[in-house]
Amino acid sequence: MPDADLDGRRVLAIVTNYGVEQDELVVPVEHLRDDGAQVTVAAVSADPVQTLVGDKDPGRVVLPDTTIAEADPDDYDLLLVPGGTLNADSLRLDSDALDVVRAFADAGKPIAAICHGPWALVSAGVVEGKDMTSYASLQTDLRNAGVASWTDTSVVRDETRYPLVTSRDPGDLDDFLAAIDDLLGAG
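Model, not experiment: these values are computed from the prediction.

Draft legend 1. Local environment of the nonpolar core. The biggest cluster of nonpolar side chains holds 31 residues, and the ones touching the most others in it are L12, I14, L79, V81, V101, I111 and L121. Within the residue set of this core, elements represented by two or more residues are β1 (10-15), β7 (78-81), α2 (85-91), α3 (95-106), β8 (111-114) and α4 (118-124). With six residues, the single largest contributor to this core is α3. The residues touching L121, leaving out its near neighbours within four places in the chain, are V81, V101, I111, A113, V126, V127, M132, Y162 and L164. Among the nonpolar cores identified, the runner-up in size contains 29 residues, and A13, L25, A37 and V62 belong to it.

This is the structure we're talking about:
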């Protein structure tokens, strides 16, 4: 049974082809689709995405719908940036991914990032003045990038310049998804 009516809402999830944390991609995608949203998974290449569980064990393989370079941010209502250490570390070095993050932020469109996902936001230069959370090891990176405050809590929502929802890890998915539903339902 759907939690929210997200019919007509469009979500873009960006990932690399190896290392995204399985539940940080699969659970939000399935949840949003179940609630009626159209979710596009965009990867660096058109090759299958190998997820990981706990950054080490192979998880599900996900077929991307498109590549990040081919995705048009104007076509979407929200950007989802899952974590996974390997995924996030590579994603923050991908110029197409950073361009997508900047396009969402510049347009005032919502972004939702979990775990190590905020690294892409740091590299895109869009976190200054924001209140955020993340995987604990990123707090220094976020503070050094000008985050107003970093809080060790399940979800933080900030409306400064563009709507942003951040969470710490897969254990926070219920709160993270509720905040995403609220953003999309209000939009």
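Let us keep going from here.
Draft legend 2. Summary view of the pattern of salt bridges. Tallying each qualifying case throughout the model produces 11 salt bridges. Across the pair D65 and R33 runs a salt bridge whose closest N-O atoms are separated by 3.5 Å. Of this pair, D65 sits in the loop between β5 (57-62) and β6 (66-67) while R33 sits in helix α1 (residues 22-34); the two residues are 32 residues apart in sequence, bridging distant segments of the chain. Put simply, E159 and R157 hold a salt bridge, and the shortest N to O gap is 2.7 Å. Taking relative accessible area as the criterion, E159 reaches 47% and is therefore assigned partly exposed. Overall, the relative accessible area of 38% leaves R157 in the partly exposed class. What emerges from the salt-bridge pattern is a single network uniting D152, R168 and D172.

Draft legend 3. Representation of the packing of aromatic side chains within the structure. Per the counting criterion, the structure on display carries zero aromatic pairs. The positively charged end of R10 is found above the aromatic ring belonging to Y76, 4.9 Å away from the centroid. One Lys or Arg, R92, reaches over the ring of W119 and ends 4.0 Å from the middle of that ring.

Draft legend 4. Up close: the sheet that holds strand β2 (residues 18-21). Reading across the sheet, the three strands line up as β2-β4-β5 and stay open at both edges, with mixed pairing between neighbours. Where the open sheet ends on each side, the last strands, each with one partner, are β2 and β5. Ignoring which end each strand starts from, the neighbouring axes of this sheet average 45° apart. Bridge count between strand β4 (residues 49-53) and β5: four bridges; the pairing is antiparallel. Looking across to β5, one finds that V49 is bridged to V62.

Draft legend 5. Just the pairing of β4, in detail. Taken together, the two bridges between β2 and β4 define a ladder with parallel strand orientation. Bridge pairing links E21 to L52 in β4. Counted between consecutive antiparallel strands, the loop separating β4 from β5 contains three residues, among which G54 sits at a positive phi close to 65°.

Draft legend 6. The arrangement of α1 in detail. Taking 1.5 Å of rise per residue, the 13 residues of α1 would be expected to cover 18 Å, and the 18 Å separating its terminal C-alpha atoms lies within 8% of that figure. Within α1, the full set of buried residues consists of Q22, E24, L25, V26, P28, V29, H31 and L32.

Draft legend 7. Quick peek at the sheet that holds strand β12 (residues 164-167). With mixed pairing, seven strands are arranged side by side in an open sheet as β6-β3-β1-β7-β8-β12-β11. Both outer strands of the open sheet, β6 and β11 (155-158), are each paired with one neighbouring strand and no more. Summarising the sheet, β8 and β12 pair through four bridges and their orientation is parallel. Across the sheet, residue I114 finds its bridge partner in β12, namely S167.

Draft legend 8. Region of the structure containing the environment of V29. Turning to its location among the elements, V29 is positioned in helix α1. Taking the C-alpha atoms as reference points, V29 and D65, separated by 36 residues in sequence, lie 12 Å from one another. Residue contacts for V29: discarding those within four places in its chain leaves V39 and V41.

Criteria and cut-off values
- Residues numbered from 1 in each chain as written.
- Predicted model: local features only at pLDDT ≥ 70, side-chain atom pairs only at ≥ 80, totals over all residues.
- Heavy atoms only, no water.
- Core = buried A, V, L, I, M, F, W, Y, C linked by side-chain atoms within 4.5 Å.
- Buried < 20%, exposed > 50% of the residue type's maximum accessible area, 1.4 Å probe, protein only.
- Helix = DSSP H or I, 4+ residues; strand = E, 2+ residues; numbered from the N terminus.
- Contact = heavy atoms within 4.5 Å.
- Salt bridge = Lys/Arg side-chain N within 4 Å of Asp/Glu carboxyl O.
- Phe/Tyr/Trp six-rings, centres within 6.5 Å; stacked < 30°, edge-to-face > 60°.
- Lys NZ or Arg CZ within 6 Å of the ring centre and 35° of its normal.
- Pairing = 2+ DSSP bridges.
- Axes fitted to C-alpha atoms, helices over the stretch in contact; angles between N-to-C directions.
- Expected span 1.5 Å × (residues − 1).

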